[in-house]
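Residue-level structural notes
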2 protein chains.
Amino acid sequence: MTKSFDELIAKLDGCPLKKVSVAVAQDAPVLEAVKVAKERNIADAILVGNEAQIREIAADIGMDLSGYEIINEEDITEAARIAVSLVHEGKADMYMKGSIDTKGFLKSVLDKEVGLRTGKPLSHVCVFDVEGIDHLLFLSDVAFIPYPTLEDKASIIHNTVEICHACGIPNPKVAPLAAVEVVNPKMPVTLEAAELTKMNEEGKITGCVVDGPLSLDLAICPEAAQHKAGATDRKIVGDADVLLFPDIHAGNLVYKAMVHTANMVNGNLLTGTKAPVILTSRSDSVDVKVNSLALGAVVADFMKKAN
Amino acid sequence: MTKSFDELIAKLDGCPLKKVSVAVAQDAPVLEAVKVAKERNIADAILVGNEAQIREIAADIGMDLSGYEIINEEDITEAARIAVSLVHEGKADMYMKGSIDTKGFLKSVLDKEVGLRTGKPLSHVCVFDVEGIDHLLFLSDVAFIPYPTLEDKASIIHNTVEICHACGIPNPKVAPLAAVEVVNPKMPVTLEAAELTKMNEEGKITGCVVDGPLSLDLAICPEAAQHKAGATDRKIVGDADVLLFPDIHAGNLVYKAMVHTANMVNGNLLTGTKAPVILTSRSDSVDVKVNSLALGAVVADFMKKAN
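Residues numbered from 1 in each chain as written. Chains lettered and ligands numbered in written order. Predicted model: local features only at pLDDT ≥ 70, side-chain atom pairs only at ≥ 80, totals over all residues. Heavy atoms only, no water.

1. Thoughts on the interface of chain A and chain B
Facing 35 residues of chain A, the contacting portion of chain B comprises 35 residues. Here chain A and chain B share an interface that buries about 2700 Å² over both sides, 76% of which is from carbon and sulfur atoms. Taking the shortest distance from any N to any O, the salt bridge between Lys 256 of chain B and Asp 217 of chain A comes out at 3.5 Å. If you look at where chain A meets chain B, you find 4 residue pairs in polar contact (both at pLDDT 80 or more). Broken down by secondary-structure element, the contributors of at least two residues to the side of chain A that touches chain B are α7 (188-201), α8 (216-220), α9 (222-227) and α10 (248-260) of chain A. Of all the elements, α10 of chain A adds the most residues to the side of chain A that touches chain B, at 10 residues. Considered class by class, the residues forming the side of chain A that touches chain B number 23 nonpolar, 6 polar and 6 charged. (Contact = heavy atoms within 4.5 Å. Buried area = accessible area lost by both parts, 1.4 Å probe. Salt bridge = Lys/Arg side-chain N within 4 Å of Asp/Glu carboxyl O. Polar contact = N/O pair within 3.5 Å; in protein donor to acceptor, adjacent residues only side chain to side chain. Helix = DSSP H or I, 4+ residues; strand = E, 2+ residues; numbered from the N terminus. Nonpolar A, V, L, I, M, F, W, Y, C, P; charged D, E, K, R; others polar.)

Here you go:
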């Protein structure tokens, strides 16, 4: 069980150093994260973009570019296409968004020739290291799928569970969340949560233990779970690894509450792709970007060993 | 502007001491909160319930009952009816749930003869004192209305704004939240948020400034709001007082994330009633119950002065 980002980074010791391909790399916070990731032996990088601008930013932030491969391509769309194809061809292990809008970046990820499609739906996972909780929490989906159907939710679980396995959690506990912990026919979310639990029991969702609907306190707080009557027959008793959200509003608002009211740091990835995709946003700190690179490197290593 | 629960409690200095009527008072955590509230000059109490059990619990927790009015009624439903009627008749200023289930308690609140109906929809407000934010945050609805319609949301705003006014915030900023800060026709929540904003501009929702849809970072984090392009034409720039949630799942999950991942303390009330109703749950700490009594006392004082 991996308990923190420091432990996650420690897992990379002894693995071959992974390489991230950065699309449109002329972006100060992204280059700073790439620099820190190299200093901490998390990942090396190939920088694709406007070389003059990359060199200018690197000079500003005191980054020595001598050890990096740089591919000069001033056109943004073309730079992304080159950067993603390096991952597609196995010359890099993961793919990262630089100074390009999300739409253009995703287009490169989904490119049929040089992209990272698997045919599976994509989803987003956000990993938090919460003080007082002795393991990492995997939140999904807080950023990508607006209103997931039951089928989408099964895919989100599948994608997220794979990330858990990569992080050394062989049989993660998955909590489909709601405001309540009992099925209420007037709340469709609780019916879907019960259905996902049944699909897990029937072997249609594997590699994890699903137990829902669950309220957040019963999912992550052992005292609360033990306190409530009836919680004894639950498979999750305050020890959930994965928090599955009803929709993007609930997920995104919880994620931002954790970041903006409690200053919690996370790392996040786009999943369901052939290789890890790092799609941090402009407002994410360097720490978040570095954590995301560490998560990506751990997942890339796991994928390599599985193939 | 009231910045914290300590300031809220300080507002009660010089006001006549308020009195809470407790339904089915034989409940240790509730009696403990009542005891602390009296010690801190927040409120006095009338205890309605099984007197023998009340005395037993009081002895256990070292509570001196000599200053309290106790009404012995062993039947739970009848005890609630007596307790609520004391508020209805003006003999007490607010109403609190003891050892009675929520359904039975609400039945007494809504009793046509002796209850606290106003004809307005009820809603729930949860008030947080967040470190790093220089004012109280009012969250609604995280516990009562499952899927609020547009009309319900206008009522929630109305109820919550009244609580803000009582707390010394004359023109609170209300943020109808979503995962995004722009209207997206595929996300009904964003359309409703825009409609509420329009209703406020047209004078249909008064006493506050409404600006939505807003993502949580733009609502409560001034740096994030200033960082994003276009945020300059917004009425809320990281300084929201009221957070309006899309539905109970989003609201309840955020509320529990703040409590269970960040150990934040809150106080909460049922609103839209003739007098403040304190409906804390079993899992709420004594601090939360005391804060709720303080909030109730401040609101009761405001209602008295307004009538």
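What follows picks up the thread again.
2. Concerning the pattern of salt bridges
Working definition: two side chains of opposite charge can pair if their charged atoms are close together. In total, this model carries 36 salt bridges over all chains according to the counting rule given. Of the charged contacts in the structure, one is a salt bridge between Glu 202 of chain A and Lys 204 of chain A, with a shortest N-O distance of 2.8 Å. Under the relative-accessibility criterion, Glu 202 of chain A is labelled partly exposed at 43%. Of the charged contacts in the structure, one is a salt bridge between Lys 235 of chain B and Glu 201 of chain B, with a shortest N-O distance of 2.9 Å. Taken as a pair, Lys 235 of chain B in the loop between α9 (222-227) and β9 (242-244) and Glu 201 of chain B in helix α7 (residues 188-201) lie far apart in primary sequence, 34 residues in all. (Buried < 20%, exposed > 50% of the residue type's maximum accessible area, 1.4 Å probe, protein only.)

3. Overview of the packing of helix α2 (residues 28-39) of chain B against helix α11 (residues 286-306) of chain B
All names here are of chain B. Across the interface, α2 lies against α11 with an axial gap of 9 Å and an inter-helix angle of 55°. Between α2 and α11, the crossing angle belongs to the class labelled oblique. Handedness of the α2/α11 crossing: right-handed. Residue-level contacts link Pro 29, Val 30, Glu 32, Ala 33, Val 34, Val 36 and Ala 37 of α2 to Val 286, Lys 289, Val 290 and Leu 293 of α11. When its residues are assigned to classes, the contact of α2 with α11 shows 9 nonpolar, no polar and 2 charged. (Axes fitted to C-alpha atoms, helices over the stretch in contact; angles between N-to-C directions. Parallel < 35°, antiparallel > 145°, perpendicular 65-115°, else oblique. Left-handed = near helix turned anticlockwise from the far one by under 90°.)

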